[in-house]
Amino acid sequence: MESARPHLPATACARCGQDVDPLRAPRVAFFATSLRFFCSLSCYETFAESPLKLFPTRPEPLPARADRSWRQRTLATVRAAVEGEEPDREVVHAPLPVSGPSPFAPALCAAAAFVVAALPGSLWSVGLVVLFALLGLASSLWGMPARNLRNVEVWAPALGVVFASLALWVDQLDGSSAWLTRMGPALAVVATLLRLQLDRRGQDRLQRALAQVQRPLPATVWVAQENAHGGSTASLRQIPLAQLKVGDELRVSRGEVVPADGVVRSGRATLEGFVERQGPLPCEVGDAVLAGARVREGEIRIIASKVAQDCTLARMAELIEADQEPPFVLGASRLVARFGPLLLAILALAGWWTSAGRGWTQILGMFASLLLVAPLLGLRRAAAFPLSAAIASMGRRGIVLESLDALDRAGRTHVVALAAHGAITTDRPEVVEFELLEGSEHEASALVGMALSAEDHAAPTSPIGRAIVDHAKDLAASRTPLRRELWEPGRGVLAHLPDDQLLLLGNRQFLLAHGASVAAAETRAAAFEARGLSALFLALNGRVRAVWALRYESRAGARAALQRLFDLRVELVLISGDHRATVAELARTLDVTHVKAELRPDEKAEEVRRLKETGSLVAAVAPLRRHESFLSAADVAIVLDIPNAVPDEAYIGIASRDLRDATAALWIAQGARRLAWRNSLWVWCWGGMLTLAATLGLLFPALASLAALTLDVLVLPSNLRFLRRLEAQLGRGV
């Protein structure tokens, strides 16, 4: 009997997600430390056409001797496959920098062309200039994949070098070889080489940033086994990551990496922050987690909501290439890049028509100048690069989004509505003072027991209810039977005691709406509110008997986070359901002047809609729990959490739940949008003028090369500087 064929667990195709046998995949792309498998040649070619080049154009050089552990891992994988064992490795979803030919040879050829062009004009010197120019062009394109050579922004300037060389040769044959004409091919090679090197440098840095967004995932996961009724059991089984499905229950323990996006079903843990400044992130039942997060302490079970390439961070790296409606500035650049050859042909015909009566030297020079100054590469990179850099920087610090529309809206935001409790402060208050207006200590314990029962029956999950529960535990208060409880969100609780006394527990507006007077507690409540505390009243049969002072702890770095928005000249609106005096005191410490207080949850959403009526885009910042209507009313929702399902994709999720990251998202989005528009306007205006001048025959190839250099040097390095700025701000904790 023949032995079994070697096999490995199936992995997903990097393009379509179909299961692929790693040992028999039709196409495999090699990365520095991992392999990516494809189910067919078409998937490989489609993936290869990515404008951002999400995988290397050629195999990377071997790593240094100190970092050759990948060889041992590869040998272990092959040996395990032959022996029928399961290899223990990590799956790495990470694009690599773009590789390319060395600029040394093209630069040497260009220098030689300059030296020969400076000599007295003769047929042999012109021939050498043309030879060196063409050699420099060939060496700059040598080793570049065929798919890149098909891009119009690559072959157009290369063709411009050829036409410049032909113009020089024809001019020499006519016996009128001018010095400026002899310099044309050499300058064209320099312009083409510098353009490619600037673009390759920026692309390399961008791919490194994108590589850090997608974190390594474990090769195997522990999944709860299903019982006969389709439910999960306590027993676990280990399966390959490729077999993980949406809805599976996973166990992630201390030191392990979360293998998929999901929601915590049970357990409690702390996760490592996305950047060092964030520190550990607490995680409990109901919280969402991202794939790639590492558990520092504890153990959790999560229900997988997104797996494999559908994970949020994996999808973020592909947003620029996604088939969705892009922002206008990016869509216009895509349109011109797509129809660039047709536009060049039309301009060339127009230049031919306007060149009637001129010699072949002028006509060929016009073609060369047009191809050299056409800003096709600038148009492609002007908008795509800043937006990609913004996505990479956001993903590295746990800021997630589902669409470019959310990024574009965040970049156009002029008004930010902040939920006071949840965004500025935590949404878990604590009782700091309790004032009994009349009665003995025994009656105080009884009143606390009534409040405990009211919150326990009507609003057991509300933050104030939890604070009352903690306070009742400190006083050892027991629950009082209640009936006919009625909870009004954002206001309070109404209930009846066994002797039909009416119990009211809530804020000032709630008691006044039900006919209870708060005059007896007004002085004490005003003192609490002047200190920034929230007052909670309890009344029996219309008489106030007690008042609590609740304190909401301010989030770490709240003032510094808002300063970022002040620097952006964004209007801030603080929205809360608390009393105006309490909110005003909080706003005073934050230098916020626009306050909306004493609002119910539905009124908060209505206030956001009124802000939108001014014509400005409004961003709302709040946790998802208890703020769904408030967030959905805004143009872009910045959720201090990782939303599992939202009706609108125009949201930005903050995995760290940190207000500083929320304001950093707005700062990054606005910076990327400004740079994209500035680059695009510069390319359209200056590039358009140069193209028109070249079409009319007003530019020689030498002048066209210098003009093209000014455009590339201004646009392409600005993208790289923006990425460096983001990385620098990220290191300091934006």
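Caption draft 1: Geometry of the packing of helix α10 (residues 340-354) against helix α11 (residues 360-373). Put simply, α10 and α11 touch, their axes get as near as 10 Å, and they point 155° apart. With respect to α11, the element α10 is oriented roughly antiparallel. Where α10 crosses over α11, the two elements pack in a sense that is right-handed. Where α10 abuts α11, its residues L344, L347, A348, G351 and W352 lie against W360, I363, M366, F367, L370 and L371. Its residues placed into classes, the contact of α10 with α11 shows 10 nonpolar, one polar and no charged.

Caption draft 2: Here's a closer look at the packing of aromatic side chains. With the rule as written, the count across this model stands at three aromatic pairs. Pairing W352 with F367 gives two aromatic rings, centres 6.2 Å apart and planes at 15°, and the pair type is stacked. Taken as a pair, W352 in helix α10 and F367 in helix α11 lie far apart in primary sequence, 15 residues in all. Exposure remark for F367: the relative accessible area of 15% places this residue in the buried category. Residues F434 and W548 carry aromatic rings whose centres are separated by 4.9 Å and whose planes lie at 45° to one another, so their mutual orientation is tilted. Of this pair, F434 sits in strand β16 (residues 430-436) while W548 sits in strand β21 (residues 543-551); the two residues are 114 residues apart in sequence, bridging distant segments of the chain. Judged by relative accessible area, F434 falls into the partly exposed class, the value being 23%.

Caption draft 3: Highlighting the confidence of the model for the chain. Averaged over every residue, the pLDDT of the chain is 76; the share at 70 or more is 78%. Low pLDDT, under 50, characterises residues 50-99; the predicted model gives this stretch 109 contacts beyond four residues in sequence or across chains.

Caption draft 4: Here's a closer look at the sheet that holds β21. If you walk across this open sheet you meet the six strands as β16-β21-β20-β19-β18-β17, and the pairing is antiparallel. If you trace the sheet from one side to the other, it starts and ends with β16 and β17 (483-488), each paired once. Pairwise comparison of adjacent strand axes, ignoring direction, gives a mean angle of 15° for this sheet. Direction of pairing for β17 relative to strand β18 (residues 492-496): antiparallel, over a ladder of four bridges. Looking at β18, one finds that W487 is bridged to V493. On the sheet, helix α15 (residues 463-475) packs against β16, β20 (534-540) and β21 and is oriented at approximately 65° with respect to β16.

Caption draft 5: Summary view of the pattern of salt bridges. This model, assessed by the stated rule, comprises 29 salt bridges. With a closest N to O distance of 3.2 Å, D427 and R626 form a salt bridge. One end of the pair, D427, is in the loop between β15 (413-419) and β16; the other, R626, is in the loop between β24 (617-622) and α21 (628-632), with 199 residues separating them in the sequence. Residue K596 pairs with E607 through a salt bridge whose shortest N-O separation is 3.9 Å. Here K596 is found in strand β23 (residues 594-596), whereas its partner E607 is found in helix α20 (residues 601-612), with 11 residues between them in sequence. What makes K596 partly exposed here is its relative accessible area of 27%.

Caption draft 6: Representation of unusual backbone geometry. The phi torsion at N541 lies on the positive side, around 55°, for a residue other than glycine. You can see N541 is positioned in the loop between β20 and β21. Residue classification places N541 among the partly exposed positions, given a relative accessible area of 48%.

Caption draft 7: Expanded view of a positive patch on the surface. Residues R201, R674, R678, R721, R724 and R725 make up a contiguous surface patch of positive charge. Taken together, the elements giving at least two residues each to the positive patch come down to α22 (659-695) and α23 (701-732). In terms of residue count, the dominant contributor to the positive patch is α23 (three residues). Examined against the element boundaries, R201 turns out to sit in helix α7 (residues 179-211).

Caption draft 8: Expanded view of α11. Between its terminal C-alpha atoms α11 stretches 20 Å, which fits the 20 Å expected from 14 residues at 1.5 Å a residue. Counting buried residues along α11, 12 of its 14 residues qualify, which places the element largely inside the surrounding structure. Among the residues making up α11, those that are buried are T361, I363, L364, G365, M366, F367, A368, S369, L370, L371, L372 and V373.

Caption draft 9: Representation of the pairing of strand β10 (residues 261-271). Where β10 and strand β13 (residues 295-306) come together, 10 bridges link them in antiparallel fashion. The residue bridging V264 from the neighbouring strand is I302, located in β13. Both β10 and strand β12 (residues 288-289) contribute to a ladder of two bridges, which runs antiparallel. Paired with V263 across the bridge in β12 is A288. As paired elements, β10 and strand β11 (residues 281-283) share three bridges and run antiparallel to each other. Looking across to β11, one finds that L271 is bridged to L281.

Caption draft 10: Representation of helix α12 (residues 376-396). With 21 residues, α12 ought to run about 30 Å at 1.5 Å a step, and its terminal C-alpha atoms sit 30 Å apart, in line with that. Of all the bends in α12, the greatest, near 30°, is centred on A382, and the proline P386 appears no more than four residues after it. Burial analysis of α12 places 20 of its 21 residues in the buried class, the great majority of the element. One or two residues past the end of α12 sits G398, with phi positive at roughly 80°.

Caption draft 11: Spotlight on a nonpolar patch on the surface. Taken together, L134, W155, L159, V162 and L166 make up a surface patch of nonpolar side chains, about 360 Å² in accessible area. With four residues, the top contributor of residues to the nonpolar patch is helix α6 (residues 152-173). Structurally, the position occupied by L134 is in helix α4 (residues 123-141).

Caption draft 12: Region of interest: the environment of A314. By secondary structure assignment, the location of A314 is in helix α8 (residues 312-316). Considered as a pair, A314 and A291 are 23 residues apart in the sequence and their alpha carbons are 9.0 Å apart.

Caption draft 13: Inspection of the environment of A520 at higher detail. Considering the arrangement of structural elements, one finds A520 in helix α17 (residues 519-530). Here the alpha-carbon distance between A520 and L437, two residues 83 residues apart in the chain, equals 7.8 Å.

Caption draft 14: Representation of the sheet that holds strand β14 (residues 399-401). Ordered by their spatial adjacency, seven strands build an open sheet running β14-β26-β25-β24-β15-β22-β23, and the pairing between neighbours is mixed. The strands lining the two open edges of the sheet, one partner per strand, are β14 and β23. Between one strand axis and the next, the sheet turns through 20° on average, direction left out of account. Two elements, β14 and strand β26 (residues 651-654), share three bridges in a ladder whose sense is antiparallel. Residue pairing across strands places I399 opposite I654, the latter belonging to β26.

Caption draft 15: Spotlight on the packing of α11 against α22. Closest axis-to-axis distance for the α11/α22 pair is 8 Å, and the angle between their directions is 170°. In terms of orientation, α11 and α22 fall into the roughly antiparallel class. Contacts between α11 and α22 involve M366, S369, L370 and V373 from the first element and L690, T691, A694 and T695 from the second. Looking at the contact of α11 with α22 residue by residue, the classes come out as five nonpolar, three polar and no charged.

Criteria and thresholds
Residues numbered from 1 in each chain as written. Predicted model: local features only at pLDDT ≥ 70, side-chain atom pairs only at ≥ 80, totals over all residues. Heavy atoms only, no water. Axes fitted to C-alpha atoms, helices over the stretch in contact; angles between N-to-C directions. Helix = DSSP H or I, 4+ residues; strand = E, 2+ residues; numbered from the N terminus. Parallel < 35°, antiparallel > 145°, perpendicular 65-115°, else oblique. Left-handed = near helix turned anticlockwise from the far one by under 90°. Contact = heavy atoms within 4.5 Å. Nonpolar A, V, L, I, M, F, W, Y, C, P; charged D, E, K, R; others polar. Phe/Tyr/Trp six-rings, centres within 6.5 Å; stacked < 30°, edge-to-face > 60°. Buried < 20%, exposed > 50% of the residue type's maximum accessible area, 1.4 Å probe, protein only. pLDDT = per-residue confidence, 0-100. Pairing = 2+ DSSP bridges. Salt bridge = Lys/Arg side-chain N within 4 Å of Asp/Glu carboxyl O. Patch = residues over 30% accessible without salt bridge, like charges linked within 9 Å, V, L, I, M, F, W, Y side chains within 5 Å. Areas by Shrake-Rupley, 256 points an atom, 1.4 Å probe, with all protein chains shown as cover. Lys, Arg positive; Asp, Glu negative; His and termini not counted. Charge placed at Lys NZ, Arg CZ, Asp CG, Glu CD. Expected span 1.5 Å × (residues − 1). Bend = angle between axes of the 7 residues up to and from the residue.

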